[in-house]
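# Survey of secondary and tertiary structure
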Amino acid sequence: SLGQSVTVPPSKTMNFRTVALLVAATSRSTVCGFTPAASSSIAAARFGAHTSNNFTIRNMSAASSEPRKAGVSSPTDLKEFVSSAGPSLLVVDVRHPDASVEPGDAKSLAVAGFPDKESNYRPNAINLPWSRESNSMEVPEVDKDTPIITHCGGGGRGQKAKDYLESVGFTKVLNGGGPKETECWAEYGDK
């Protein structure tokens with residue numbers, strides 16, 4: 001691996017995904033879907049591994065060959081969050097209803113529509129579009145400690161919305177990615 005080293009504590013278990021991730025962290029080529037530019041801080045954080053390079057790892061969705069966008073929570077974290085939130089969970093859909101404003105939203109809306117209270121479709125969700133022009137959004141009218149999952153189609157604007165909500169005082173916010181992140185979406189998409 002070009003003289004680069006990876007050290008993994010003996011207490012950590014190594015599965016195929018972990019090995020591929022670590023090899024990619026110290027490689028110049030893609031390894032099993034993990035790319036070098038998307039590689040070692042999560043290896044360090046999740047597996048206790050340390051590499052001699054300063055790369056950044058992005059989570060991989062098992063259903064996709066593309067890495068998750070930065071900040072998108074793991075399916076496990078989302079499952080635990082949804083479970084602990086119970087009925088107080090609020091899902092904030094930041095996709096835009098006008099396809100001329102956000103053309104990419106049309107694709108994810110074909111997979112999962114906007115919340116609809118009348119038909120009880122996604123009953124814990126509301127639509128508060130993220131504005132690229134103002135770099136902001138309408139703030140939900142809930143307590144600041146309400147558990148919130150933000151999402152767009154794949155996580156980019158969901159992360160901006162998460163960061164924004166935290167900047168105005170919300171304390172329990174995760175970025176759920178969106179319908180593109182099928183494993184993540186499975187944990188909260190029907191809420």
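Structure: above.
Residues numbered from 1 in each chain as written. Predicted model: local features only at pLDDT ≥ 70, side-chain atom pairs only at ≥ 80, totals over all residues. Heavy atoms only, no water.

## Brief notes about the overall build of the protein chain
Across its full length, the protein chain carries 6 helices and 6 strands. Starting at the N terminus and walking to the C terminus, you meet the elements of the protein chain as β-α-α-β-α-β-α-β-β-α-β-α. Looking at the protein chain residue by residue over its 191 residues, the buried ones come to 44%. Considering only residue pairs separated by 6 or more positions, the protein chain has 61% of its internal contacts joining residues 24 or more positions apart. Only carbon and sulfur atoms are counted for the fraction: they give 52% of the accessible area of the protein chain, which is about 9800 Å². (Helix = DSSP H or I, 4+ residues; strand = E, 2+ residues; numbered from the N terminus. Buried < 20%, exposed > 50% of the residue type's maximum accessible area, 1.4 Å probe, protein only. Contact = heavy atoms within 4.5 Å. Areas by Shrake-Rupley, 256 points an atom, 1.4 Å probe, with all protein chains shown as cover.)

## Side note on helix α3 (residues 75-85)
Taken residue by residue, α3 has Pro-75, Leu-78, Phe-81, Val-82 and Ala-85 as its buried positions. One side of α3 carries all its buried residues, which in axial view fall inside an arc of 125°. Of the exposed residues in α3, those oriented more than 90 degrees away from the buried face are Lys-79, Glu-80, Ser-83 and Ser-84. Taken together, the buried residues of α3 touch β5 (148-151), β6 (173-175) and α6 (182-188). Count one or two residues on from α3 and you reach Gly-86, which has phi positive near 60°. (Arc of directions from axis to C-beta.)

## Some remarks on the side chain of Thr-146
Along the chain, the position of Thr-146 falls in the loop between β4 (125-127) and β5. In contact with Thr-146, not counting residues within four places along its chain, are Ser-88, Leu-90 and Lys-172.

## Side note on the environment of Val-92
Following the sequence through the fold, Val-92 ends up in strand β3 (residues 90-93). With a relative accessible area of 0%, Val-92 lands in the buried category.

## Points about the nonpolar core
Formed by 14 residues in total, the largest nonpolar core has its most connected members in Leu-78, Phe-81, Val-82, Leu-89, Val-91, Ile-149 and Tyr-188. Elements represented by at least two residues in this core include exactly α3 and α6. Here the element with the most residues in this core is α3; it accounts for 4 residues. Among residues more than four places away in sequence, those in contact with Leu-78 are Ser-73, Ile-149, Leu-174, Gly-176, Cys-184, Glu-187 and Tyr-188. If you look at the next biggest cluster of nonpolar residues, it comprises 12 residues, including Leu-90, Trp-130, Ile-148 and Phe-170. (Core = buried A, V, L, I, M, F, W, Y, C linked by side-chain atoms within 4.5 Å.)

## Concerning the pairing of β5
Residues Ile-148 and Thr-150 point to one face of β5 and Ile-149 and His-151 to the other, with burial holding for every one of them. Across 4 bridges, β3 lies against β5 in parallel orientation. Across the sheet, residue Val-92 finds its bridge partner in β5, namely Thr-150. The sheet contact formed by β5 and β6 spans 3 bridges and is parallel. Its bridge partner lying in β6, Ile-149 is registered against Leu-174. Between β5 and its parallel partner β6, the chain crosses via helix α5 (residues 156-167), and the hand of that crossover is right-handed. (Pairing = 2+ DSSP bridges. Right-handed = clockwise from strand over helix to strand, strands pointing away.)

## As for the packing of aromatic side chains
Taken as a whole and judged by the stated rule, the model has 2 aromatic pairs. When the ring of Trp-130 is compared with that of Tyr-164, the centres are 5.9 Å apart and the planes differ by 70°; the resulting orientation is edge-to-face. Placement of the pair is Trp-130 in the loop between β4 and β5 and Tyr-164 in helix α5, with a sequence separation of 34 residues. The interplanar angle of 70° and the centroid separation of 5.2 Å between the aromatic rings of Trp-185 and Tyr-188 together place this pair among those described as edge-to-face. (Phe/Tyr/Trp six-rings, centres within 6.5 Å; stacked < 30°, edge-to-face > 60°.)

## Quick word on unusual backbone geometry
Phi is mostly negative for residues that are not glycine, and the peptide bonds are mostly trans. Positive phi outside glycine occurs at Arg-122, with the angle close to 60°. Looking at where Arg-122 falls in the secondary structure, it is placed in the loop between α4 (105-111) and β4. With phi around 55°, Asn-135 is a residue other than glycine that occupies positive phi space. Tracing the sequence through the fold places Asn-135 in the loop between β4 and β5.

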